[in-house]
Amino acid sequence: MIKPVGAITRGTTNPNRLRRVDNFIAYRCGALLKEAAQPLVIDLGYGATPVTAVELRGRLAAAVRPDVVVAGLEIDPVRVSDAQPFADPPWLLFRRGGFELAGMAPVVVRAFNVLRQYPEEEVAAAWRAMTATGALLVEGTCDELGRIATWTVVEGGVPSTLTLSARLPVLSHPAIFAERLPKALIHHNVPGHPVHELLRALGRAWDAEATPFGPRQRWLATARRMRADGWPLLDGPARWRLGELTLPWPARLWPV
Ligand SMILES: C[S@@+](CC[C@H](N)C(=O)[O-])C[C@H]1O[C@@H](n2cnc3c(N)ncnc32)[C@H](O)[C@@H]1O
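Below is a summary of the structure that appears in this document. (Residues numbered from 1 in each chain as written. Predicted model: local features only at pLDDT ≥ 70, side-chain atom pairs only at ≥ 80, totals over all residues.)

So, the overall build of the chain
Helix and strand content of the chain: nine helices and eight strands. Its C-alpha atoms give the chain a radius of gyration of 18 Å, near enough to 18 Å, the size a compact globule of 256 residues would have. For the chain, the spread of C-alpha atoms along the principal axes amounts to about 55 × 35 × 30 Å. Scored against the burial criterion, the 256 residues of the chain give a buried share of 42%. (Helix = DSSP H or I, 4+ residues; strand = E, 2+ residues; numbered from the N terminus. Rg over C-alpha atoms; globule rule 2.2 N^0.38 Å. Buried ≥ 20, exposed ≤ 12 C-beta atoms within 10 Å, placed from the backbone.)

Looking at the pairing of strand β3 (residues 92–96)
Remark: a regular strand shows side chains that alternate across the two faces of the sheet. In terms of strand pairing, strand β2 (residues 69–74) meets β3 through five bridges, oriented parallel. Each bridged residue has a counterpart across the sheet, and for Val70 the counterpart in β3 is Leu92. A crossover connection joins β2 to the parallel β3 through helix α3 (residues 77–83); in handedness this β-α-β unit is right-handed. (Pairing = 2+ DSSP bridges. Right-handed = clockwise from strand over helix to strand, strands pointing away.)

Section: the site of the ligand
As a structural note, the neighbourhood of the ligand is formed by 26 residues, with Gly6, Thr13, Gly45, Gly47 and Asn113 the closest of them. Classifying every residue of the shell around the ligand by side-chain character gives 11 nonpolar, 10 polar and five charged. (Near = placed C-beta within 6 Å. Nonpolar A, V, L, I, M, F, W, Y, C, P; charged D, E, K, R; others polar.)

Observations regarding the sheet that holds β3
If you walk across this open sheet you meet the eight strands as β3-β2-β1-β4-β5-β6-β7-β8, and the pairing is mixed. Two strands bound the open sheet, and with one partner strand each, they are β3 and β8 (244–248). Across the sheet, the axes of successive neighbouring strands diverge by a mean angle of 20°, strand direction being ignored. Bridge analysis of strand β5 (residues 136–142) against strand β6 (residues 148–155) gives seven bridges, and the strand direction is antiparallel. Each residue of the ladder has a partner; that of Leu137, found in β6, is Val154. Strand contacts of helix α4 (residues 123–131): β1 (40–44), β4 (108–112), β5 and β6, with the helix running at about 135° to β5, the strand carrying the most contacts. (Axes fitted to C-alpha atoms, helices over the stretch in contact; angles between N-to-C directions. Contact = placed C-beta atoms within 7 Å.)

Set out below in structure tokens:
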């Protein structure tokens, strides 16, 4: 048996907490999964209960292809055995594994709220391990209920994009994203660093776009203003409407 790479961490999870990133995976990885001979997605570190892996399989089966396979990997053997009643072979499996992916070769890996519990120095090696067989990795973090989430897409060990996503009706101010940045960024949100400049610009645009028409219109106007100010937003109004913005990874905007 391959030795799982990583460490057991807190297993906190919640139903529906990862709906925002599930929707993004269907959108961003849908074509890749549709073309794949074996449409395997790994949900790495599903936590104390496998509810978010069950939801991921259901959402991708409905939105992308019904034969998508989701394998939940956990480094904690107790969580692997506790998850077995939720398995639905061959479509939904739960196995022991870590960043080495238990020898599997998925098209997509989701690792949510996993690396936040690791030291920052371990992030790059974990990214490399999870993308070593060519998978696209979606790695990020969210609050308890999934109202605020951020994630990166990592290809070949290198982060390509940063997505900020919020449930707009309860978004008070985009400064809140600072609390939920991916591990690789959270300690870099200080003046002079690209992620800090990005969040400041987003906050300024939001402040400038107060509107009587509610948070969705305000977010759309904020995104338009960011683009007009030269920020290279990679998506458009269809994603903005969901409370989502995707940009190149901050260090690609201004290398530090
Ligand atoms: C906070 S829970 C996240 C649960 C779920 N992904 C979510 O976002 O709701 C983190 C889980 O990741 C697991 N974990 C940590 N490192 C891991 C690794 N290297 N490989 C697999 N699982 C890991 C922990 O055991 C824990 O159950």
